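Observations on the model geometry
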Amino acid sequence: MLETLESEIVSGALPPGAPLSELALAERFGVSRTPVREALLELERAGLAERGARRAFFVRALGAEELADLFEASGEVESALAALAAHRMTEIERQALIALAEAPAASAADYSDLNRRFHDAIKSGARNATLAQLLGGLDLRTSAWRAANFHEAEERQTTSRAEHLKIATAIAQADAERTRSLMRRHVAQSHSVLAEILARRGR
């Protein structure tokens, strides 16, 4: 249910301002109102929903400036983690990261999963719990939007894969500063593609 609602919000099927009624959603998904309420709270934490009059939930409009701020912050934190990973990953972890960067994907959904695993491997390899926690909070607010890149911009999977391979290679070479620069550019490119998608929708 949560993934379905995230997908519908990010795709525009549920536009900004659309009501998210607990009762209507419970009937739609054939569940009680408790799991619906939990899903809505998760959407609120992710910045995809908010509450209005009488505490009712509705789809939140995410402005271009706020989205840019989120991706900029994510890029700075993730690039710092990537630089640490270049120093701290073991050789086995480095080779596994390259394998993830080169792994084939049969669909946009498959690549979204590979993308998440690639970024999680770097976060884990950095071995810095504080930065990882910061990134986790930002990921909660940007991951659904990043996934839209692969579903709505066909060329993004190709460019993202190439960017991943460059990052993995820099980490394998223990080149922290190149890794930092490549990761910052990678996140910025994800934002650029998303901004184009939203502009086409007129949001």
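For the structure itself, consult the block above.
This write-up is about the structure you can find in this document. (Residues numbered from 1 in each chain as written. Predicted model: local features only at pLDDT ≥ 70, side-chain atom pairs only at ≥ 80, totals over all residues. Heavy atoms only, no water.)

**Quick look at the overall build of the protein chain**
Along its length, the protein chain carries nine helices and two strands. Along the chain direction, N to C, the helices and strands of the protein chain fall in the order α-α-α-β-β-α-α-α-α-α-α. Its C-alpha atoms give the protein chain a radius of gyration of 18 Å, near enough to 17 Å, the size a compact globule of 203 residues would have. Dimensions along the principal axes, computed over C-alpha positions, put the protein chain at roughly 55 × 35 × 30 Å. Across the 203 residues that make up the protein chain, the buried fraction comes to 43%. A fraction of 73% describes how many contacts in the protein chain between residues 6 or more apart in sequence connect residues 24 or more apart. Of the roughly 10,300 Å² of accessible surface on the protein chain, 53% is carried by carbon and sulfur atoms. One finds the centroid of the 26 positive side-chain charges in the protein chain at a distance of 2 Å from the centroid of its 29 negative side-chain charges. (Helix = DSSP H or I, 4+ residues; strand = E, 2+ residues; numbered from the N terminus. Rg over C-alpha atoms; globule rule 2.2 N^0.38 Å. Buried < 20%, exposed > 50% of the residue type's maximum accessible area, 1.4 Å probe, protein only. Contact = heavy atoms within 4.5 Å. Areas by Shrake-Rupley, 256 points an atom, 1.4 Å probe, with all protein chains shown as cover. Lys, Arg positive; Asp, Glu negative; His and termini not counted. Charge placed at Lys NZ, Arg CZ, Asp CG, Glu CD.)

**Focus: unusual backbone geometry**
For R55, which is not a glycine, the phi torsion comes out positive at approximately 65°. With respect to the helices and strands, R55 occurs in the loop between β1 (49-51) and β2 (57-59). Phi angles above zero are rare outside glycine, and R127 is one such case at about 55°.

**Notes on the packing of aromatic side chains**
Here the structure, examined in full by the defined rule, presents one aromatic pair. Taken together, a centroid distance of 4.8 Å and an interplanar angle of 80° make the contact between Y111 and F150 edge-to-face. Of the two residues, Y111 sits in helix α6 (residues 108-126) while F150 sits in helix α7 (residues 129-152), which places them 39 residues apart along the sequence. Comparing Y111 with F150 shows no difference in burial state: the two are buried. (Phe/Tyr/Trp six-rings, centres within 6.5 Å; stacked < 30°, edge-to-face > 60°.)

**What about the pattern of salt bridges?**
Under the defined criterion, the tally for this structure stands at 14 salt bridges. Across the pair E66 and R60 runs a salt bridge whose closest N-O atoms are separated by 2.9 Å. The class for E66 is partly exposed, based on a relative accessible area of 23%. With its nearest N and O atoms 3.9 Å apart, the salt bridge here joins R117 to D113. Of this pair, R117 and D113 both sit in helix α6, four residues apart, which is roughly one turn of the helix. With a relative accessible area of 39%, R117 lands in the partly exposed category. (Salt bridge = Lys/Arg side-chain N within 4 Å of Asp/Glu carboxyl O.)

**A look at the environment of L70**
Inspection of the secondary structure puts L70 in helix α4 (residues 64-88). Between the C-alpha atoms of L70 and L135, which are 65 residues apart in sequence, the distance is 11 Å. Excluding anything up to four places from it in sequence, L70 contacts L138, R141 and T142.

**What about the nonpolar core?**
In terms of nonpolar packing, the biggest core is built from 56 residues, with L20, F118, I122, W145 and I171 touching the most fellow members. It is α4 that contributes the most residues to this core, ten residues altogether. Other than its neighbours up to four places away in sequence, I171 contacts A82, A85, A86, M89, R94, L97, I122 and T179. (Core = buried A, V, L, I, M, F, W, Y, C linked by side-chain atoms within 4.5 Å.)

**Overview of the packing of α6 against helix α8 (residues 154-172)**
Close contact between α6 and α8 brings their axes to 12 Å; oriented N to C, the two are set at 20°. The pairing of α6 with α8 is recorded here as roughly parallel in orientation. As α6 packs across α8, the resulting crossing turns out to be left-handed. Seen from α6, the contacting residues are A108, Y111, N115, F118, H119 and I122; seen from α8, they are Q157, S160, R161, H164, I167, A168 and I171. Residues of the contact of α6 with α8, tallied by class, amount to seven nonpolar, five polar and one charged. (Axes fitted to C-alpha atoms, helices over the stretch in contact; angles between N-to-C directions. Parallel < 35°, antiparallel > 145°, perpendicular 65-115°, else oblique. Left-handed = near helix turned anticlockwise from the far one by under 90°. Nonpolar A, V, L, I, M, F, W, Y, C, P; charged D, E, K, R; others polar.)

**What about the side chain of N115?**
For N115, the position within the fold is in helix α6. Dropping the residues within four chain positions of it, N115 is found in contact with F150, S160, H164 and H186.

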